[in-house]
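Survey of secondary and tertiary structure
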Amino acid sequence: MKQHEIVGYNRANLGKTESKALRIEGNVPCVLYGGKTQVHFYSPAILFRTLLTTPDAYEVTLNIEGDEYKAILQDAQFHPVNDQILHADFLEIVEGKDIKVEVPIRFSGISPGVQQGGKLIQKMRKLKLSGPYTKIPDYVEVNISNLELGKTVKVSAIQLEGVEILDSTALPIATIEIPRSMRGKAA
């Protein structure tokens, strides 16, 4: 997984009014859980740009007033109108404990169906994985070099070592759609 660092400060007061005041100052209220204790902290909103604008999975080093924690961004809440980040949840990475994370899917190869005029339709962008954080890949590579017109690649076609795939094996990842102009010829 890629690395990212966020500097945070412990929160003295919890609650709605304190959270609103933090957001007005340009900070994001956060919580770190999954370890021995929960840590409530806040961090400048600008530090979340890399985490939120890319589909990649990141291992985040949280530096909260000198205490360092390794974590992953579990959830982020946004304002419904202006897309400002309102709250972030981090899951602490503990040795010997599995984590659940979504990892982006990337395609490799050239599909013969696309070369014949078909259109590649990506049904899934991310895949849910569970396992030790050292085994979680940066991305899951799916080979589409044998996809013909009208064919689909499913989750069951992916094999990963040391990591469990949490998505249903029957879900389609990508399909080659037959264009309308060719449907009569294919039938």
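Parameters and conventions
- Residues numbered from 1 in each chain as written.
- Predicted model: local features only at pLDDT ≥ 70, side-chain atom pairs only at ≥ 80, totals over all residues.
- Heavy atoms only, no water.
- Pairing = 2+ DSSP bridges.
- Helix = DSSP H or I, 4+ residues; strand = E, 2+ residues; numbered from the N terminus.
- Axes fitted to C-alpha atoms, helices over the stretch in contact; angles between N-to-C directions.
- Buried < 20%, exposed > 50% of the residue type's maximum accessible area, 1.4 Å probe, protein only.

1. A closer look at the sheet that holds strand β11 (residues 152-154)
Pairing within the open sheet is antiparallel, and its three strands lie in the order β8-β13-β11. In the strand order of this sheet, the two ends are held by β8 (119-122) and β11, each with one partner. Direction aside, neighbouring strands of the sheet carry axes that sit 10° apart on average.

2. Examining the sheet that holds strand β10 (residues 140-143)
Pairing within the open sheet is mixed, and its four strands lie in the order β10-β7-β9-β12. The strands lining the two open edges of the sheet, one partner per strand, are β10 and β12 (164-165). Where strand β7 (residues 99-108) meets β10, four bridges bridge the pair, whose relative direction is parallel. Bridge pairing in β10 links Ser 108 to Asn 143.

3. A look at unusual backbone geometry
Notably, Glu 65 is not glycine yet its phi reads approximately 50°, a positive angle. Even without being a glycine, Asp 83 presents a positive backbone phi close to 60°. Mapped onto the fold, Asp 83 is located in the loop between β5 (67-78) and β6 (85-92). Looking at Asp 83, the relative accessible area reads 57%, which means it is exposed.

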